[in-house]
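# Remarks on the overall topology
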Amino acid sequence: MPDFLLAGGAAFASGSMLVVGALVSWFVRVPASVTAGIMAFGAGVLLSTLAYELVQEANDGGGVLATIAGCLAGAILYVIADAVLARYGAQHRKRSTAVQSSEEEKQGSGTAIAIGALFDGIPESLVLGLSVVATGGVSMPLLVAFGLSNLPEGLSATAGMKQSGRSARYVFAVWGGIAIASGIAAMIGTVALTSASGPAVAFVTTIAAGAILAMLSNTMIPEAFARDRTITGLIVTVGFLTAFALHELA
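Residues numbered from 1 in each chain as written. Predicted model: local features only at pLDDT ≥ 70, side-chain atom pairs only at ≥ 80, totals over all residues. Heavy atoms only, no water.

## Regarding the overall build of the protein chain
Going by this rule: Secondary structure elements follow DSSP: runs of H or I no shorter than four residues count as helices, runs of E no shorter than two count as strands, and numbering proceeds from the N terminus. Residue burial is assigned from relative accessible area. The probe radius is 1.4 Å, only protein chains are included, and a residue is buried under 20% of its type maximum, exposed over 50%, and partly exposed in between. The contact definition used throughout considers only heavy atoms, calling two residues in contact when any of these lie within 4.5 Å.
Secondary structure assignment for the protein chain yields eight helices and zero strands. Moving toward the C terminus, one meets the helices and strands of the protein chain in the order α-α-α-α-α-α-α-α. Evaluated residue by residue, the protein chain yields a buried proportion of 48% over its 250 residues. Relative to all contacts within the protein chain whose residues are 6 or more apart in sequence, the contacts with residues 24 or more apart total 84%.

## Remarks on the UniProt feature "transmembrane region" (unreviewed entry) in the protein chain
Here is the rule: UniProt positions are given in the numbering used here, feature names are shortened, and annotations may be inferred rather than shown by experiment.
In the UniProt entry, the feature "transmembrane region" (unreviewed entry) is given for residues 6-27, 34-52, 64-85, 170-194, 200-218 and 230-247. Secondary structure content for residues 6-27 is 100% helix and 0% strand, while the C-alpha to C-alpha distance between its ends is 32 Å. Its end C-alpha atoms 36 Å apart, residues 170-194 is made of 92% helix and 0% strand.

## Side note on the packing of helix H2 (residues 32-62) against helix H3 (residues 64-87)
The angle between the axes and the distance between the axes are what describe a pair of packed helices. For clarity, the cut-off: To obtain each axis, a line is fitted to C-alpha atoms, and for helices this fit is confined to the stretch in contact; angles are then taken between N-to-C directions over 0 to 180 degrees. The cut-offs work like this: below 35 degrees is roughly parallel, past 145 is roughly antiparallel, 65 to 115 is roughly perpendicular, and the gaps in between are oblique. Residue type decides the class: Asp, Glu, Lys and Arg count as charged, Ala, Val, Leu, Ile, Met, Phe, Trp, Tyr, Cys and Pro as nonpolar, and the leftover types, Gly among them, as polar.
Packing of H2 against H3 leaves a shortest axis separation of 7 Å and a crossing angle of 140°. In terms of their interaxial angle, H2 and H3 are classed as oblique. Residues Val-55, Ala-58, Asn-59 and Gly-62 of H2 form the contact with H3, whose participating residues are Val-64, Ala-66, Thr-67 and Cys-71. By residue class, the composition of the contact of H2 with H3 is five nonpolar, three polar and no charged.

## With respect to helix H5 (residues 140-163)
To keep things clear, this is the line we draw: One less than the residue count of a helix, multiplied by 1.5 Å, gives the span that helix is expected to have.
Taking 1.5 Å of rise per residue, the 24 residues of H5 would be expected to cover 34 Å, and the 35 Å separating its terminal C-alpha atoms lies within 8% of that figure. Positive backbone phi, approximately 95°, marks Gly-165, located one or two places after H5.

## Brief notes about the packing of aromatic side chains
How two aromatic rings sit relative to each other is set out by the distance from centre to centre and by the angle between their planes. Basically, it comes down to this: Pairing of aromatic side chains here covers Phe, Tyr and the six-membered ring of Trp, requires ring centres within 6.5 Å, and sorts the geometry by plane angle: under 30 degrees stacked, over 60 edge-to-face, intermediate tilted.
Per the stated rule, a full pass over the model turns up three aromatic pairs. Ring plane angle 65° and centroid distance 6.1 Å describe the contact between Tyr-52 and Phe-240, whose orientation is recorded as edge-to-face. Residue Tyr-52 is found in helix H2, and its partner Phe-240 is found in helix H8 (residues 232-249); the two are separated by 188 residues along the sequence. A relative accessible area of 29% means that Tyr-52 is categorised as partly exposed.

## What about the confidence of the model for the protein chain?
What counts, and what does not: Known as pLDDT, the predictor's per-residue confidence is scaled from 0 to 100.
Chain-level pLDDT for the protein chain is 81 on average; 88% of the residues reach the 70-or-more range. Ranking the elements of the protein chain by mean pLDDT puts helix H4 (residues 109-135) last with 72 and helix H1 (residues 3-27) first with 90.

## A look at the nonpolar core
Put simply, the rule is: To form a nonpolar core, buried Ala, Val, Leu, Ile, Met, Phe, Trp, Tyr and Cys residues must be joined to one another through side-chain atoms within 4.5 Å.
Leu-46, Phe-146, Ile-212, Leu-216 and Met-220 are the most contacted members of the largest nonpolar core, which has 28 residues in total. Looking at this core, the elements with two or more residues in it are H1, H2, H4, H5, helix H7 (198-227) and H8. Of all the elements, H7 adds the most residues to this core, at nine residues.

## Let's talk about the environment of Met-220
Secondary-structure assignment places Met-220 in helix H7. C-alpha of Met-220 to C-alpha of Ala-36: the two residues are 184 residues apart in sequence and 9.1 Å apart in space.

## So, H3
The end-to-end C-alpha separation of H3 is 35 Å, in line with the 34 Å expected for 24 residues at 1.5 Å each. Buried within H3 we find Ala-66, Thr-67, Gly-70, Gly-74, Tyr-78, Asp-82 and Leu-85.

## A short note on the side chain of Thr-190
Structurally, Thr-190 is set in helix H6 (residues 168-192). Residues contacting Thr-190, with those up to four places away along its chain left out, are Asp-3, Phe-4, Ala-7, Gly-129 and Val-133.

## Some words on a nonpolar patch on the surface
Note the threshold: For patch detection, residues must exceed 30% relative accessible area and be free of salt bridges, and they are connected within 9 Å for like charges or within 5 Å for nonpolar side chains (Val, Leu, Ile, Met, Phe, Trp, Tyr). Each accessible area is a Shrake-Rupley result for a 1.4 Å probe, and residues are judged covered by the shown protein chains and nothing else. Just to be clear on terms, a salt bridge is a Lys or Arg side-chain nitrogen sitting within 4 Å of an Asp or Glu carboxyl oxygen.
A surface patch of nonpolar side chains, about 820 Å² in accessible area, is lined by Val-64, Leu-65, Ile-68, Leu-72, Ile-76, Ile-80, Val-84 and Tyr-88. Mapped onto the fold, Ile-68 is located in helix H3. The partly exposed category is assigned to Ile-68, whose relative accessible area is 45%.

## Things to note about the environment of Leu-142
If you trace the backbone, Leu-142 turns up in helix H5. With a relative accessible area of 3%, Leu-142 lands in the buried category. For the pair Leu-142 and Leu-246, spaced 104 residues apart in sequence, the C-alpha separation works out to 9.1 Å. Contact partners of Leu-142, with chain neighbours within four places excluded, come to Thr-49, Glu-53, Leu-54, Val-127, Leu-128 and Ser-131.

## Let's talk about the packing of H1 against H6
Inclusion rule: Left-handed describes a crossing whose near helix is turned anticlockwise from the far helix by less than a right angle; the clockwise case is right-handed.
In contact at an axis separation of 7 Å, H1 and H6 are set at 160° when each is read in the N-to-C sense. Between H1 and H6, the angle is such that the two are roughly antiparallel. H6 is crossed by H1, and the crossing has right-handed handedness. A per-class count over the contact of H1 with H6 returns 20 nonpolar, seven polar and one charged.

And the structure:
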C-alpha cells in the first residue's frame, strides 16, 4: 500500500474514535466523574506520547534547535488560534457541561466550535503521516495513543454540545468531518514531506507536538480537573504510564 494511503487510513481510524465517543455520549448518560476520568487518562496518554514518540525522536533525528523552535512555534500558533476562536464562542468546545455557547447566545459559535475541533485534530494527523515518512509504516504506539485521547474528547465535547442544544446532525457532522479531514491532512503531509531533511521533519513534528501540548494545557486537563478534583492527577499519571509501556513494548 502506498505510504500516503497508509497514513491517511491511520489518521482516519484515529479520528473515528471521536465519532465513537460522540455516539456513546449521545445515547448513554455518562456520569460527569467518569467523563472527567476518561479525559484525564487521555491527557496522560498524550503527554507520554509527546515526550517519548515525538519530542525525543525529533531531537534524535533533527537536532535540538529544530525541536525547540518547532515546539515553540506550534504552541504559539495554537494559543493565538485558540484565543481568536474563543472570541466567537469556541472557548469551551471540550467542556461536558452546558457552559458551551449555543447559537442563540453567540451567533456563529457552531462554526467556531467546529473549526476549533478540527484545529485540535490536525496536528495528530500530521504526526501520523510523518511517522510513515520516517519509518515506512504506522507507529502503533502513536495510533493507539491518539485513538485513546480522541475517545474522551468526543465523549466530553458531545455531552456539552448536546446540553447546549446542538442537533445530532451538527454533532456527528463535526466529528465525522474531522475524521475525514484528519485522513486527508495525513496524506498531504506524507506526500509533502517524503523527501524532507531530518531537521525539517523534526521542525514540523514538533510544531504538531507544541500545538498538542498547548491544547492539553488549555482544554483537556482543565476540563478533567473541573469535573473531578480528587484523583485527576493520579489518572493522568496512569495514562502517562500506559503510553510509556506501549512505547517500551513496541
